[in-house]
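# Structural description and commentary
One-letter residues, chain by chain:
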Amino acid sequence: MSQKQPKKIEKLDPHLVNQIAAGEVIERPAAILKELVENALDAGASQIIVEVEDGGRARISISDNGCGIAVDDISLAFERHATSKLSHQDLFAINTFGFRGEALPSIASISRTEMITRTNADEHAWKITIEGGNASKLMPHSAAIGTTIEVRDIFYATPARLKFLKNATTELNHCKEMISRIAMANPSVHFIFKSDSKTVYDWSAGTLATRIGQVMGNDFAQNTVPVLLERNGYKLEGLVSLPTYSRSQANDQYIYVNNRWVRDRNVAGILRVAYQDVLMTGRHPLAVLFFNLDGREVDVNVHPAKTEVRFRDSGFVRSFLIQGVKQSLLASQHTSSPIMGNLVANAFSAPSPKIFTNPQFNNKPILRDSYPSARPHPIAAFIQPVYVPVLEQEEVVTDYPMGIAKAQLFETFIVAQTKDALLIIDQHAAHERIVYEDLKAQWSAQGTLPSQPLMQPEYIELNESDCALFAEHKDLFEQIGFVIDVYSTKTLVVHSTPIACHLQGSKEFIADVLADIKTLGEGVSAVEILWEKLSSRACNNSIRAGKTLSLAEMNAMLRQMESTPKSAQCNHGRPTFVTLDKKSLARLFER
Ligand code: ADP
Ligand code: MG
């Protein structure tokens, strides 16, 4: 057998090095846009004009009115590892977007790039062109102070990568998304975005609230609650959607760490936990959150595009974020949301807890332990403070907050009357909340949920690692009412299941929970995952729309609603009832 001969080791050609680096940072036009807009922000621009052609595939141009580049530095800016942003030599005290000195050389290595720049010390601007890594001579040019960079024919020099570009619409959408992300974190900068000469965005400078409105739309602005939590140098600020305003995809969730947009795989998980009492699985809140902390507590240099960060104490950070969002949601329960958009909207109103301010009821907040302090019982950590109406006198109550049932409409709605209002209750939505809160109350009182033996044990095959993972969390499954034995390294045997969740096949449930523990493992505790899955199945037991109810049954449900926390909203976040008071009723008839 012939022995392989060692080849001579050579240093890579700098142009090749740049192309390799470009592979990491620049996967598509939107990535170029990001790097160039961040450079403009670092240069202190107050106005940035972004133009793309053919979704950025043909041309991207970024114009800023920032400080420009000094003539002697212009060619250096295109050299690898050349930056003006790390002079203090401290990687953990960075307050600029860039610092790696890689973007310009990388971009220039895979496209035809032209830069025109002028500082306030220059009489005129200078222009440089770079093609295939070769820089032209500097040419005098006429332009205002600031920098314009134009990038044409991206990947023309690396045809293999060109093939990975998607069609113009997709690439344009990536560009729009990128501009939106950056613009939200920089409300004091005027952004103009044009695509094929048409103005897509023109966001003038303003406050953070205005900018979020510009980017996320008015609907979002009207359906959000503010978040603000500050402690020991950690600050969480922003807006999250009311439970009544959600999406089927977790798209509109923006989180910024020290003003840098990040793609944190735990964010969706964090929001899920914060919303788990008010949103069902499959629905996602919208959020724009800014999390600020000491630069030494977070490493932003773990990813070439700097979209991932690593926290020194990720457990604390997670708890802090969850708590911040939860507190705001809790506060929001005291404001109602608009539910109908016509004349009737003026008369009908979604319930607000005001309905429980009947003099016979005494709104005493029962405050439990809050995140992230001591956690005496795991479940206590996500039980929100609740308002439980307490009867003051023992006398017979005739004036119930939820009124007396009068009729059922379409086997779906209960019509009730109080002293001075008409109530329409969605029977399924209301009952779902009752069942769920009851489950929670049982759990917090006993720490376990009742279980129900199966007629025949169910054998479940899993792979070995899932089986081991299950064994680790067996106790938790038992707490919610499962009785399960590990039968072999690959088999579980289920003897009993929770009464609450009317399980159709435990396998799917267990596999679901284990899958989430694996993917969210670090971000969300197992008990939270388990509880979320359980509660989403619990509503199977509640009264459906289409079921005829007697007056007695309806009244019983109304009384249950009165003693159920958060009964004004179903688990999906929709209102469970609407009210129309006497006055509004009169107004409807112009009396
Ligand atoms: P980095 O941003 O990591 O420093 P870049 O390759 O993106 O690396 O840019 C190199 C240098 O060029 C920057 O450090 C900055 O000094 C200068 N520069 C780039 N773009 C601009 C701009 N729009 N305005 C002013 N200076 C710029
Ligand atoms: Mg840069």
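Residues numbered from 1 in each chain as written. Chains lettered and ligands numbered in written order. Predicted model: local features only at pLDDT ≥ 70, side-chain atom pairs only at ≥ 80, totals over all residues. Heavy atoms only, no water.

## Quick notes on the overall build of the chain
Check the secondary structure of the chain and you find 18 helices and 28 strands. Relative to its 591 residues, the chain shows a buried fraction of 48%. Relative to all contacts within the chain whose residues are 6 or more apart in sequence, the contacts with residues 24 or more apart total 69%. (Helix = DSSP H or I, 4+ residues; strand = E, 2+ residues; numbered from the N terminus. Buried < 20%, exposed > 50% of the residue type's maximum accessible area, 1.4 Å probe, protein only. Contact = heavy atoms within 4.5 Å.)

## A look at helix H17 (residues 551-562)
Given 3.6 residues per turn, any residue in an α-helix points the same way as the ones three and four places further on. When the terminal C-alpha atoms of H17 are compared, their 17 Å separation across 12 residues agrees well with the 16 Å that a helix rising 1.5 Å per residue should span. Among the residues of H17, Met554, Met557, Leu558, Met561 and Glu562 are the ones counted as buried. Angularly, the buried residues of H17 cover 145 degrees about the axis, an arc narrow enough to put them on a single face. (Expected span 1.5 Å × (residues − 1). Arc of directions from axis to C-beta.)

## Let's talk about the pattern of salt bridges
This model, assessed by the stated rule, comprises 21 salt bridges. Measuring nitrogen to oxygen at the nearest pair gives 3.4 Å for the salt bridge that ties Glu38 to Lys34. One end of the pair is Glu38 and the other is Lys34, both in helix H2 (residues 29-42) and 4 residues apart, which spans about a single turn. For the pair shown, Glu38 and Lys34 are each scored as buried. What you see here is one network of salt bridges that share partners, running through Glu51, Glu53, Arg59, Glu150 and Arg152. (Salt bridge = Lys/Arg side-chain N within 4 Å of Asp/Glu carboxyl O.)

## Points about the site of ligand 1
Ligand 1 sits among 20 residues. The nearest are Asn39, Thr83, Ser84, Lys85 and Gly101. Within the contact set of ligand 1, a nitrogen atom lies 3.4 Å away from a side-chain nitrogen or oxygen of Thr147. Contributions of two or more residues to the shell around ligand 1 are made by H2 and helix H4 (103-109). Of the residues forming the shell around ligand 1, the biggest block, 3 residues, is contributed by H4. Residue composition of the shell around ligand 1, by class: 9 nonpolar, 7 polar and 4 charged. (Near = heavy atom within 4 Å. Polar contact = N/O pair within 3.5 Å; in protein donor to acceptor, adjacent residues only side chain to side chain. Nonpolar A, V, L, I, M, F, W, Y, C, P; charged D, E, K, R; others polar.)

## With respect to empty space enclosed by the protein
Rolled over the atoms, a probe with the dimensions of a water molecule shows which regions are left empty. Taken as a whole, this structure holds 5 cavities of 30 Å³ or more when the rule is applied. Of the pockets and cavities examined, the largest cavity occupies roughly 90 Å³. Looking at the largest cavity, the residues that line it are Lys34, Glu38, Phe97, Met178, Arg181, Ile182, Ala185, Asn186, Tyr256, Asn259, Arg260 and Trp261. For the lining of the largest cavity, the elements supplying multiple residues, two or more each, are H2, helix H6 (168-185) and strand S14 (260-261). (1 Å grid on protein atoms, 1.4 Å probe; cavity = no way out; pocket = protein on both sides within 12 Å on 5 of 7 lines; lining within 4 Å. Points joined across faces, edges and corners; volume = space filled by probe spheres on them.)

## A closer look at the confidence of the model for the chain
With 82% of its residues at a pLDDT of at least 70, the chain reaches an overall mean of 79. Predicted confidence is poor over residues 334-397, with pLDDT under 50, and the contacts of this stretch with residues over four places away or in other chains come to 116 contacts. (pLDDT = per-residue confidence, 0-100.)

## Points about H2
If you check H2, its first and last C-alpha atoms are 20 Å apart, about what 14 residues at 1.5 Å a residue would give, namely 20 Å. Most of H2 sits inside the fold, with 12 of its 14 residues counted as buried. Two residues or fewer past H2, Gly44 is found with a positive phi of approximately 80 degrees.

## Some words on the sheet that holds strand S26 (residues 483-488)
One open sheet accounts for 3 strands, arranged S25-S27-S26; its pairing is antiparallel. Edge positions in the sheet fall to strand S25 (451-461) and S26, since each has one partner strand and no second. Across this sheet, the average inter-strand angle for adjacent strands is 15 degrees, counted without regard to direction. Inspection of the sheet shows S25 paired to strand S27 (residues 491-498) by 7 bridges, in the antiparallel sense. By the bridge assignment for S27, Glu461 is matched with Thr491. Seen against the sheet, helix H13 (residues 464-472) touches S26 and S27 and runs at an angle of roughly 140 degrees to S26. Here helix H15 (residues 506-520) sits on the sheet in contact with S25, S26 and S27, set at roughly 70 degrees to S25. (Pairing = 2+ DSSP bridges. Axes fitted to C-alpha atoms, helices over the stretch in contact; angles between N-to-C directions.)

## Overview of the environment of Ser525
Among the structural elements, Ser525 can be located in the loop between H15 and helix H16 (526-538). Measuring from C-alpha to C-alpha, the distance between Ser525 and Val273 comes to 9.4 Å, with 252 residues separating the pair along the chain.

## Observations concerning unusual backbone geometry
Not every positive phi belongs to a glycine, and Ser197 is a case in point at roughly 70 degrees. Tracing the sequence through the fold places Ser197 in the loop between strand S8 (190-195) and strand S9 (198-203).

## Brief notes about a nonpolar patch on the surface
Judged by side-chain polarity, Leu12, Leu16 and Ile20 come together as a nonpolar surface patch covering roughly 270 Å² of accessible area. Relative to the helices and strands, Leu16 is located in helix H1 (residues 14-25). (Patch = residues over 30% accessible without salt bridge, like charges linked within 9 Å, V, L, I, M, F, W, Y side chains within 5 Å. Areas by Shrake-Rupley, 256 points an atom, 1.4 Å probe, with all protein chains shown as cover.)

## Here we look at the sheet that holds strand S10 (residues 224-231)
The 5 strands lie next to each other as S10-S11-S16-S13-S14, forming an open sheet whose pairing is mixed. Looking at which strands have only one partner, the edges of the open sheet turn out to be S10 and S14. Bridge count between strand S13 (residues 253-257) and S14: 2 bridges; the pairing is antiparallel. Bridge assignment links Val257 to a residue of S14, and that residue is Arg260. Each of S13, S14 and strand S16 (287-292) touches H6; the most contacted strand, S13, lies at about 50 degrees to it.

## Digging into the packing of aromatic side chains
Per the stated rule, a full pass over the model turns up 13 aromatic pairs. Centre to centre, the rings of Tyr201 and Trp203 are 4.1 Å apart; their planes meet at 20 degrees, and the pair counts as stacked. Exposure remark for Trp203: the relative accessible area of 6% places this residue in the buried category. Taking the centre distance of 5.5 Å and the plane angle of 35 degrees together, the rings of Phe482 and Phe509 count as tilted. Separated by 27 residues along the polypeptide, Phe482 in the loop between helix H14 (474-479) and S26 and Phe509 in helix H15 bring together distant segments of the chain. With a relative accessible area of 1%, Phe482 lands in the buried category. (Phe/Tyr/Trp six-rings, centres within 6.5 Å; stacked < 30°, edge-to-face > 60°.)

## Focus: the nonpolar core
Soluble globular proteins tend to pack their nonpolar side chains together in the buried interior. Counting residues in hydrophobic clusters, the biggest one holds 55 residues, and the most contacted among them are Leu33, Val37, Ile48 and Phe191. Both of domain 1 (14-206) and domain 2 (210-338) provide at least three residues apiece to this core. Setting aside residues up to four positions removed in sequence, Phe191 forms contacts with Val37, Leu41, Ile48, Ile179, Ile182, Ala183, Asn186, Tyr201, Asp202, Trp203 and Arg211. Counting residues in hydrophobic clusters, the runner-up holds 32 residues, among them Val225, Val298, Phe311 and Ile322. (Core = buried A, V, L, I, M, F, W, Y, C linked by side-chain atoms within 4.5 Å. Domains from an automatic or database assignment.)

## Some words on the pairing of S26
When S26 meets S27, the two strands line up antiparallel, connected through 5 bridges. Bridging across to S27, Ser488 finds its partner in Thr491.

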